[in-house]
Amino acid sequence: MSEQESLRCSNARNRGGVQRVEGKLRASVEKGDYYEAHQMYRTLFFRYMSQAKHAEARELMHNGALLFFSYNQQNSAADLSMLVLEVLEKSETKVEDEILESLDKLFSRMDQNSPERVAFVSRALKWSTGGSGKLGHPKFHQLLAVTLWKEQNYSESRYHFLHSSDGEGCAQMLVEYSASRGFRTEVDMFVAQAVLQFLCLKNKNSASVVFSTYTEKHPSIEKGPPFVQPLLNFIWFLLLAVDGGKLTVFTVLCEQYQPSLKRDPMYNEYLDRIGQLFFGVPPKQSPSYGGLLGNLLNSLMGPGEDDDGAEEAQEDSSPIELD
C-alpha cells in the first residue's frame, strides 16, 4: 500500500471514529443530559489535542457547539465555540474561507447580547490575522457584517463592512439603514460618512464602490451626478480629486463646500486625514480635535500610523491597522 493510500485509510478510520463518538454525544444531548454531554466533549477535546488530532478536535467541537445551540444551551455552545478557536490557535491553522464561514456560523447562533459573543468574535478576528496587530481578515469582517445586517444591527454591521473589501454590500446595507432608521434629510450623510472613513482607511476602491452603488440604489436620491444634495456632489468631486492627487483641487473643494461639511463636525477631521494620505498635507503639530471626536477618529484609524506620503497611500488600498 502506498503512503498516500495509507494516509487516506487512516483519515477514513479517524473520521469514522469521530462519527461514532458524535453519535453517542448526540444521544446524551437529546436525552437532556446537557452537563454530562458538555463534560464529555471537553474530555474528548483534551484527549484529541494531546494526540495532536487537531482536525478531529475542531470538527467535534464545532458540531457539538451547533448541537448545543439547537437545544438553546448557549453557555455550553459558547464554551465549545471557544475551544474551536483554541484548536485553530494552537495548531497554527492557516486561514481559509471554509474555516471563516464556520466561525461566522457559530457567531450567528450566539445570543446577540451575550458577553461570550463579544469575546468569541474578538478572539476569532485576532486569529484570522495570525495574532498580528491588524484587526481581522477582510473576508471574516465581510461575513460578520452580513450576519449583523440580517440581525438589523446596522451600526455593528457598518463597522465590519468598513474593514472588509465589500463596498457594494456596505452600500446596500446603508440604503436599508437609511430607509429604516434615518430621516429623509440625512440620506446623503449615511454614504458621506462611509466614503470618508473608507478613505481614512486607505481603501479608495471600496470608497468609490460604496458611493456609486448607494447613490444608484437609494430610492430618495435622484440620478446623478450632479446631484440635488450638495454633500453628494462634494463626495463625487472628492473621489475624482483623490485620483488626481492635486492639493490645490482638494483645498478649493473643501473650502467651497464648508456649509455642507459643517453638518457633521467629524467631516473636517476625516478630511484632515485624507489630506495627509492622498495629497501630501503634513500632519498638524497640535491636533485640533480631542475628547470624544479624537476618540472616534482614533477608533477608526488606530494610533501611531506611519504615513509614507500620498503616493504610497494611493497604491495601498488595504485597511489601516487598528488596536
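Residues numbered from 1 in each chain as written. Predicted model: local features only at pLDDT ≥ 70, side-chain atom pairs only at ≥ 80, totals over all residues. Heavy atoms only, no water.

Looking up the chain in an unreviewed UniProt entry gives the name Golgi to ER traffic protein 4 homolog, with the organism given as Scophthalmus maximus. Taken from UniProt, the Subcellular location (unreviewed entry) comment for the chain reads in full: "Cytoplasm, Cytosol". According to UniProt, the comment filed for the chain under the heading Sequence similarities (unreviewed entry) is "Belongs to the GET4 family." (UniProt positions renumbered as here; feature names shortened; annotations may be inferred.)

A. Examining the overall build of the chain more closely. Across its full length, the chain carries 17 helices and 0 strands. Looking at the chain as a whole, 45% of its 323 residues qualify as buried. Contacts in the chain between residues far apart in sequence, at least 24 positions, make up 63% of those at least 6 positions apart. Summed over its atoms, the accessible surface of the chain is roughly 16,600 Å², and 49% of this surface lies on carbon and sulfur atoms. (Helix = DSSP H or I, 4+ residues; strand = E, 2+ residues; numbered from the N terminus. Buried < 20%, exposed > 50% of the residue type's maximum accessible area, 1.4 Å probe, protein only. Contact = heavy atoms within 4.5 Å. Areas by Shrake-Rupley, 256 points an atom, 1.4 Å probe, with all protein chains shown as cover.)

B. Up close: helix H11 (residues 204–217). Over its 14 residues, H11 extends 20 Å from the first C-alpha to the last, a length consistent with the 20 Å expected when each residue adds 1.5 Å. Of the positions making up H11, those classed as buried are Ser206, Ala207, Val210, Phe211, Thr213, Tyr214 and Thr215. Looking at the buried residues of H11, the elements they touch are helix H9 (167–181), helix H10 (187–200) and helix H12 (230–244). (Expected span 1.5 Å × (residues − 1).)

C. Spotlight on the pattern of salt bridges. For the structure shown, the criterion picks out 6 salt bridges. The salt bridge involving Glu89 is made with Arg123; its shortest N-O contact spans 2.8 Å. Of this pair, Glu89 sits in helix H4 (residues 74–90) while Arg123 sits in helix H6 (residues 115–128); the two residues are 34 residues apart in sequence, bridging distant segments of the chain. With relative accessibility at 27%, the residue Arg123 sits in the partly exposed group. (Salt bridge = Lys/Arg side-chain N within 4 Å of Asp/Glu carboxyl O.)

D. Inspection of the confidence of the model for the chain at higher detail. Looking at the chain, pLDDT values average 87 and 81% of them are 70 or higher. Low pLDDT, under 50, characterises residues 302–323; the stretch is placed with 48 contacts to residues that sit more than four places away or in other chains. (pLDDT = per-residue confidence, 0-100.)

E. Local environment of the environment of Lys202. With respect to the helices and strands, the residue Lys202 is situated in the loop between H10 and H11. In this structure the C-alpha to C-alpha distance between Lys202 and Ile274, which are 72 residues apart in sequence, comes to 8.4 Å.

F. Fine view of the nonpolar core. Membership of the largest hydrophobic core comes to 50 residues, with the highest contact counts inside it found for Val195, Leu199, Tyr214, Phe234, Leu238, Leu271 and Ile274. Mapped by element, the contributors of at least two residues to this core are helix H7 (138–150), helix H8 (154–162), H9, H10, H11, H12, helix H13 (247–256) and helix H15 (266–279). Sorting elements by how many residues they give to this core places H10 first, with 11 residues. Counting 38 residues, the second largest nonpolar core, distinct from the first, contains Leu25, Val29, Leu44 and Leu100. (Core = buried A, V, L, I, M, F, W, Y, C linked by side-chain atoms within 4.5 Å.)

G. Highlighting the side chain of Ser81. Mapping Ser81 onto the fold places it in helix H4. A polar side-chain atom of Ser81 sits 2.8 Å from the main-chain carbonyl oxygen of Ala77. Aside from chain neighbours lying at most four places away, what touches Ser81 is Ala65, Phe69, Leu106, Met110 and Phe120. (Polar contact = N/O pair within 3.5 Å; in protein donor to acceptor, adjacent residues only side chain to side chain.)

H. Representation of the packing of H9 against H11 in the model. The interhelical angle for the contact between H9 and H11, taken along N-to-C directions, is 40°, at an axis separation of 8 Å. Taken together, the axes of H9 and H11 lie oblique to each other. Judged by the sense of rotation from one axis to the other, the crossing of H9 with H11 is right-handed. Judged by residue contacts, Gly167, Glu168, Cys170, Ala171, Gln172, Leu174, Val175 and Ser178 of H9 engage Ser206, Val209, Val210, Thr213, Tyr214 and Lys217 from H11. Among the residues making up the contact of H9 with H11, the classes are represented as 7 nonpolar, 5 polar and 2 charged. (Axes fitted to C-alpha atoms, helices over the stretch in contact; angles between N-to-C directions. Parallel < 35°, antiparallel > 145°, perpendicular 65-115°, else oblique. Left-handed = near helix turned anticlockwise from the far one by under 90°. Nonpolar A, V, L, I, M, F, W, Y, C, P; charged D, E, K, R; others polar.)

I. How the structure looks around the packing of aromatic side chains. Overall, the coordinates contain 11 aromatic pairs when judged by the stated rule. Seen from their ring centres, Tyr34 and Tyr71 are 6.2 Å apart, and the 55° between their planes marks the pair as tilted. Taken together, the residues Tyr34 in helix H2 (residues 34–50) and Tyr71 in the loop between helix H3 (54–70) and H4 connect sequence positions 37 residues apart. Under the relative-accessibility criterion, Tyr34 is labelled partly exposed at 23%. (Phe/Tyr/Trp six-rings, centres within 6.5 Å; stacked < 30°, edge-to-face > 60°.)

J. Expanded view of the packing of H9 against H10. The geometry of H9 relative to H10 is characterised by a closest axis approach of 9 Å and an angle of 150° between their N-to-C directions. Judged by the sense of rotation from one axis to the other, the crossing of H9 with H10 is right-handed. Packed against H9, whose contacting residues are Cys170, Leu174, Tyr177 and Ser178, the element H10 presents Val187, Phe190, Ala194 and Phe198 at the interface.

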